[in-house]
Amino acid sequence: MWLPLLRLFTLIALLTSLTVATADEIVVTVKETALRRDKQFFAPAIKVVKFTEKLELIESSAGWLHVRHQNDQGWIHSSAASAPKEGSLLDAITLGDKKGGGFSEDEVALAGKGFNAEVEKTYRSKTPKANFNAVDALEKVHTNPADVAKFAAAGELIPRPLP
Amino acid sequence: MKPANKIIASLLLLVPLLLPLRLAAFGLGDLQNLDLNKLKGQIATGTSIFTSMRKGVSDLTPEEEYYIGRSVSARILNDYPPLPHSAIADYINQMGHYLAQFSERPETFAGYRFQLVDSDEINAFAAPGGNIMISRGLYQALTSEEQLAAILAHEIAHVSLQHGLNAIKKANLTQAFTLIGETALKESGRGDKLAQINELTSIFSTSIDDIVSQLVVNGYSRSQELEADQQALILCYRAGYSPQGLAEFLATLEQGSSQQAGGGFYATHPAAADRLTEVNATLQQWSAIPDSAPRTARFQKHRL
């Protein structure tokens, strides 16, 4: 009577452990980035993912990450996301989500947010010799990946590996 | 006990076995070993696990690096005003974005941006997070697109290697992390929070001063400059540019070093001859790459 039950539990444990072992969760660490159809910056964008959004890592290849976001799959560069490092802000947010971690979500958010917009606002009010208007104007400059691709082609620039 | 209840009870027994796997999958395996009593003790004395685990520059988040970079850029752009020129702005931003793809860090929190600044000095500045400023004097001293690519690649390397952030004195960073951790644990009324923001701003201000001092007055260390040169060679080569551009520019600098006194490139960078020796040693291992007529024409079209 117990043998079939034991087989069932073994199967459940095995399937669950496999699922858990491959469900690597990573977090977007840049303001926003495109989920692309292929692992190159000129590949068409499927959608935009934003800072702290969670992604499921499927595989990694040559510095690129194949990920799942909601119902979509695509590639982002590894410099745009990471697994929460122990003690990092992102790890703190993850820890704060868990009951019994000892911290409220507000405390976690504040603990992680060190140098932030609020600090900049105060710094700006105390530092007349800082041209933040020029920085804001610079941040309005957006470079279209399609234009970068045309720039490379027009200049006969062909990527190559190191010798 | 009914069979169904036996199944449920048995499944529940599995949970303790699966929990470590679940934590490990989320990269939180070490949390299993956390001593909760020690943690509560730390909280009682006003520290936190976040403080004890944040120690150095690499523990700053990309978002924090971005805010630091904004303020560093604002200080530089106050002394070196932007030079509006939309055609050259497009040119250097497209080139810079193309080159950044081949760096160790193609994406920063808000991305790379490239700006000409109005100064006769031969100089370039790379703020943490990716705002890169090139002086008019430097731009006018260049004679090819390969040389411009080398300059942009060198500055991108400083950003990706976080050389600017490393200028923040360790004491300032420790003080900031401690304050940030304590802030999270206090119950804050408005007055309390205001005092904490002011104190954090003061530390922030000192950190910005550290970086601006390095970029504008003292320069990076010799090893950081040589490291950025080597990275620039790699970026240019991988992007399809002739890496010879960097050697050509350094040779020009070497010839001009006796003519420029005071600030600028010569004050903030090691001797060009020194850098040229290291660059040539790498280039000797690579075969030469011919010039490109389209790139030559394009550069000439974008001269100042």
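The preceding data block contains the structure.
Residues numbered from 1 in each chain as written. Chains lettered and ligands numbered in written order. Predicted model: local features only at pLDDT ≥ 70, side-chain atom pairs only at ≥ 80, totals over all residues. Heavy atoms only, no water.

**Q** Explain the packing of helix H10 (residues 222–239) of chain B against helix H13 (residues 272–283) of chain B to me, please; I cannot follow it from the model alone.
**A** For any two helices packed against each other, one specifies the inter-axial angle together with the distance between the axes. Residue and element names in this part refer to chain B. In contact at an axis separation of 10 Å, H10 and H13 are set at 35° when each is read in the N-to-C sense. The way H10 lies across H13 gives a crossing that is right-handed. Facing H10, whose interface residues are Arg222, Glu225, Leu226, Asp229, Gln230 and Leu233, H13 presents Asp274, Arg275, Glu278, Val279, Thr282 and Leu283. Here the residues of the contact of H10 with H13 sort into 4 nonpolar, 2 polar and 6 charged. (Axes fitted to C-alpha atoms, helices over the stretch in contact; angles between N-to-C directions. Helix = DSSP H or I, 4+ residues; strand = E, 2+ residues; numbered from the N terminus. Left-handed = near helix turned anticlockwise from the far one by under 90°. Contact = heavy atoms within 4.5 Å. Nonpolar A, V, L, I, M, F, W, Y, C, P; charged D, E, K, R; others polar.)

**Q** Quick question: what am I supposed to make of the sheet that holds strand E3 (residues 131–135) of chain B here?
**A** Backbone hydrogen bonds hold the strands of a sheet together, and the pairing may be parallel or antiparallel. Residues and elements named next belong to chain B. Strand order in the open sheet made by the 3 strands is E1-E3-E2, with mixed pairing throughout. Of all the strands in the sheet, just strand E1 (113–117) and strand E2 (124–126) have a single pairing partner and so form its edges. Taking the axes of each pair of neighbouring strands and ignoring which way they run, one obtains an average angle of 15° across the sheet. One ladder, built from 3 bridges, connects E2 with E3; its direction is antiparallel. Counted as the bridge partner of Ala124 is Ile134 from E3. (Pairing = 2+ DSSP bridges.)

**Q** Looking at this structure, how should I read the pattern of salt bridges?
**A** This structure, assessed with the given rule, holds 17 salt bridges over all chains. When the shortest N-O distance is used, the salt bridge between Lys50 of chain A and Glu32 of chain A registers 3.0 Å. One end of the pair, Lys50 of chain A, is in strand E3 (residues 45–50); the other, Glu32 of chain A, is in strand E2 (residues 32–36), with 18 residues separating them in the sequence. According to the relative accessible area criterion, Lys50 of chain A is partly exposed, its value standing at 43%. Accessibility expressed as a relative area gives 44% for Glu32 of chain A, which makes it partly exposed. A salt bridge links Lys47 of chain A to Asp72 of chain A; the shortest N-O distance between them is 2.7 Å. Of the two residues, Lys47 of chain A sits in strand E3 while Asp72 of chain A sits in strand E6 (residues 72–77), which places them 25 residues apart along the sequence. If you follow the salt bridges from partner to partner, you end up with Glu120, Arg124, Asp136 and Glu139 of chain A together with Arg70 of chain B in one network. (Salt bridge = Lys/Arg side-chain N within 4 Å of Asp/Glu carboxyl O. Buried < 20%, exposed > 50% of the residue type's maximum accessible area, 1.4 Å probe, protein only.)

**Q** What exactly am I supposed to notice about the pairing of E2 of chain A here?
**A** A regular strand carries its side chains on alternate faces of the sheet. All names here are of chain A. The buried fraction of E2 is high, at 4 of 5 residues. Sheet topology note: the E2/E3 ladder contains 5 bridges and is antiparallel. Residue pairing across strands places Leu35 opposite Lys47, the latter belonging to E3.

**Q** Got a minute to help me understand the environment of Ala134 of chain A in this structure?
**A** One can find Ala134 of chain A in helix H5 (residues 132–139). On the basis of relative accessibility, which here comes to 9%, the residue Ala134 of chain A falls in the buried class. Setting aside residues no more than four positions away along its own chain, Ala134 of chain A makes contact with Leu77 and Pro82 of chain B.

**Q** Sorry if this is basic, but what is going on with unusual backbone geometry here?
**A** Peptide bonds are mostly trans, and most non-glycine residues show a negative phi. Phi at Gln70 of chain A is positive, roughly 55°, even though this residue is not glycine. You can see Gln70 of chain A is positioned in the loop between strand E5 (64–69) and E6. Classification of Gln70 of chain A by relative accessible area gives exposed; the value is 60%. The backbone phi angle of Gln162 of chain B is positive, close to 60°, even though this residue is not glycine.

**Q** What exactly am I supposed to notice about the pairing of E3 of chain B here?
**A** Residues and elements named next belong to chain B. A large share of E3 lies buried, amounting to 5 of its 5 residues. The alternating pattern of E3 places Asn131, Met133 and Ser135 on one face and Ile132 and Ile134 on the opposite face, and all of these are buried. Where E1 lies against E3, 5 bridges are found, and the strand directions are parallel. When the bridges of E3 are listed, Leu116 appears paired with Ile134. Hairpin connection from E2 to E3: 4 residues lie between these consecutive antiparallel strands, with Gly129 at a positive phi of about 95°.

**Q** Quick question: what am I supposed to make of the nonpolar core here?
**A** Most often, soluble globular proteins have nonpolar side chains that are buried together. Of all hydrophobic cores here, the largest spans 86 residues; its most connected members are Ile68, Val72, Ile92, Met95, Tyr98 and Tyr241 of chain B. Considering every element that reaches this core, the biggest residue donor is helix H7 (residues 145–160) of chain B, with 8 residues. Aside from chain neighbours lying at most four places away, what touches Met95 of chain B is Phe151 of chain A together with Glu145, Leu148, Ala149, Leu152 and Tyr241 of chain B. Formed by 12 residues, the second largest nonpolar core is a distinct cluster that contains Val30, Leu55, Ile76 and Ala80 of chain A. (Core = buried A, V, L, I, M, F, W, Y, C linked by side-chain atoms within 4.5 Å.)

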